[in-house]
Amino acid sequence: MVLKGIHHVSAITANAKQNFDFYTKVLGLRLIKKTVNQDDTSSYHLFYGDESGSPGTELTFFDIPMAGRTLEGVSGISALSLRVLNNDALDYWEARLSEHGVAHDGIALRAGRLTLAFRDFEGQRFILVSDEDNEGVAGGKPWAKSPVPPEYAIIGLGPVQLTVSDVEPTEQVLAELMGFRRKGEYPSTVAGQPDIIVFETGEGGSGAEIHIELRHDLPHERLGRGGVHHVAFRVDNDEELHAWVERLRDARIASSGYVDRFYFHSLYFREPNGILFELATDGPGFATDEHIDSLGESLALPPFLEPRRDEIEARLKPLDTRQ
């Protein structure tokens, strides 16, 4: 019943084509699955990651063309992190982001690691984090066909930052229900605000951390494009996932119960500040219905949606995802 780290994060885009171009051609990630939002099959769900979409490397987007801009605030996931191998990689990325006209800050120290903050074309907030001297959850294997050299490539997801107006109930759920450990604190980048609190799980390290930012000067987040829908944590297998269903029931926390997403199996619930958490199994994986050499090139549908393929494809705008 120990969560192994971050499994994936899911955000919102209003432009699937620009999203694909940015995350594959600028960030050098591989599109590992082009499928649909299983709760709204009229929109794409795009999955990016390492060469095989290993758990802990998956950055996903729901394509919602009419989505307004996210109003940043509390009760939301305020920043995502992407891991790189070492400090030298940050120098590479500082130059690459400038070359592509991507808004970014300078290299700075956060939680004892060198980092580089930037925003994508829709204002999505990211922090590149150096894994130099990092111990803990291992990163993924970069895709050999990436435009980014492997020594500088993004190797997985790093710490996920939550922004809340009341830290205590979120801490309680992380520590007492989910088994996270309080690791420490580091100064906020916003003058006059409390230190940011670090929690870790499993083997620890940058791929297994949640950072909690306390703010009393912000409105409630309104989620839209450039915002994060949820964060998922790694569960080893179905047996453990069913045990988590029971644990949440015993704690009287409302949840989705067991959900079959085909590529992994899931459980959803909201922590006390209203942020959506998911627990997701490491398998079966993304090569279950496509050959690993052609992941993401065509529209993939799980078996329970395959009978509706003609209807679903007719409602989607064509998206060329050949890499």
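Visitor: Please clarify how the overall build of the chain should be interpreted in this entry.
Guide: Helices and strands together make up the secondary structure of the chain, namely five helices and 17 strands. Along the longest, intermediate and shortest principal axes, the C-alpha atoms of the chain span 55 × 50 × 35 Å. Once local pairs closer than 6 in sequence are excluded, the contacts in the chain between residues at least 24 apart make up 69%. Summed over all atoms, the accessible surface of the chain reaches about 13,500 Å², with 49% contributed by carbon and sulfur. In the chain, 32 side chains carry a positive charge and 51 a negative one; their mean positions are 5 Å apart.

Visitor: Is there a simple way to think about the pattern of salt bridges in this case?
Guide: Pairing is possible between side chains that carry opposite charge, provided their charged atoms lie close to one another. Within this structure, the stated rule accounts for 25 salt bridges. When the shortest N-O distance is used, the salt bridge between Arg 125 and Glu 72 registers 3.4 Å. You can see Arg 125 sitting in strand β8 (residues 125-130) and its partner Glu 72 sitting in the loop between β4 (58-63) and β5 (76-84), a full 53 residues away along the chain. Owing to a relative accessible area of 16%, Arg 125 belongs among the buried residues under this scheme. Residue Glu 72 is classed as partly exposed on the basis of its relative accessible area, which comes to 28%. In this structure, the salt-bridge partner of Arg 182 is Glu 185, at a minimum N-O distance of 2.4 Å. You can call Arg 182 partly exposed: its relative accessible area is 45%. The network of salt bridges with common partners includes Arg 113, Arg 181, Lys 183, Glu 200 and Glu 209.

Visitor: What should I look at first to understand the nonpolar core in this one?
Guide: It is characteristic of soluble globular proteins that their nonpolar side chains tend to be buried jointly. Judged by nonpolar contacts, the single largest core of 69 residues is most densely connected at Leu 27, Trp 93, Leu 128, Met 178, Phe 233 and Leu 279. Setting aside anything within four residues of it in sequence, one finds Leu 279 in contact with Leu 3, Met 178, Phe 233, Val 235, Leu 241, Trp 244, His 265, Ser 266, Leu 267 and Phe 269. Counting residues in hydrophobic clusters, the runner-up holds ten residues, among them Ile 32, Phe 47, Phe 264 and Ala 280.

Visitor: So what exactly am I meant to see when it comes to the sheet that holds strand β1 (residues 6-13) here?
Guide: Sheets are built from strands that pair by backbone hydrogen bonding, the pairs being arranged parallel or antiparallel. Within the open sheet, the eight strands sit side by side as β2-β3-β4-β1-β14-β17-β16-β15. Their pairing is mixed. Each edge of the sheet is formed by a strand with only one pairing partner; in this case those strands are β2 (30-37) and β15 (259-260). Judged from the seven bridges that link them, β2 and strand β3 (residues 40-49) form a sheet pairing that is antiparallel. Within β3, the position partnered with Leu 31 by the bridge is Tyr 48. Of the strands in this sheet, β1, β2, β3 and β4 touch helix α1 (residues 16-26), which is tilted by about 10° from β3. The strands touched by helix α4 (residues 238-250) within the sheet are β14 (228-235), β16 (264-270) and β17 (276-284), with β16 carrying the most contacts at an inclination of about 15°.

Visitor: I keep staring at the packing of aromatic side chains and nothing clicks. Help me out?
Guide: Note on aromatic pairs: each is described by the distance of the centres and the angle between the planes. As enumerated under the stated definition, the model contains 17 aromatic pairs in all. The interplanar angle of 75° and the centroid separation of 4.9 Å between the aromatic rings of Phe 22 and Tyr 23 together place this pair among those described as edge-to-face. When sorted by exposure, Phe 22 lands in the same class as Tyr 23, which is buried. Ring geometry for Phe 233 versus Phe 277: centroids 5.2 Å apart, planes at 85°, classification edge-to-face. Taken together, the residues Phe 233 in strand β14 and Phe 277 in strand β17 connect sequence positions 44 residues apart. Here Phe 233 and Phe 277 have matching classes, each one buried. Counting every residue linked through ring pairs, the aromatic cluster contains Phe 22, Tyr 23, Tyr 48, Phe 61, Phe 118, Phe 121 and Phe 126. The residue whose ring lies beneath Arg 247 is Trp 244, and the NZ or CZ to ring-centre distance is 4.6 Å.

Visitor: When you look at helix α3 (residues 167-177) in this model, what are you seeing that I'm missing?
Guide: Residues spaced three or four apart along an α-helix face the same direction, because each turn holds 3.6 residues. Those residues of α3 that sit buried are Val 167, Thr 170, Glu 171, Val 173, Leu 174 and Leu 177. Following α3 by one or two positions, Gly 179 has its phi on the positive side, about 80°.

Definitions and limits used
- Residues numbered from 1 in each chain as written.
- Predicted model: local features only at pLDDT ≥ 70, side-chain atom pairs only at ≥ 80, totals over all residues.
- Heavy atoms only, no water.
- Helix = DSSP H or I, 4+ residues; strand = E, 2+ residues; numbered from the N terminus.
- Contact = heavy atoms within 4.5 Å.
- Areas by Shrake-Rupley, 256 points an atom, 1.4 Å probe, with all protein chains shown as cover.
- Lys, Arg positive; Asp, Glu negative; His and termini not counted.
- Charge placed at Lys NZ, Arg CZ, Asp CG, Glu CD.
- Salt bridge = Lys/Arg side-chain N within 4 Å of Asp/Glu carboxyl O.
- Buried < 20%, exposed > 50% of the residue type's maximum accessible area, 1.4 Å probe, protein only.
- Core = buried A, V, L, I, M, F, W, Y, C linked by side-chain atoms within 4.5 Å.
- Pairing = 2+ DSSP bridges.
- Axes fitted to C-alpha atoms, helices over the stretch in contact; angles between N-to-C directions.
- Phe/Tyr/Trp six-rings, centres within 6.5 Å; stacked < 30°, edge-to-face > 60°.
- Lys NZ or Arg CZ within 6 Å of the ring centre and 35° of its normal.

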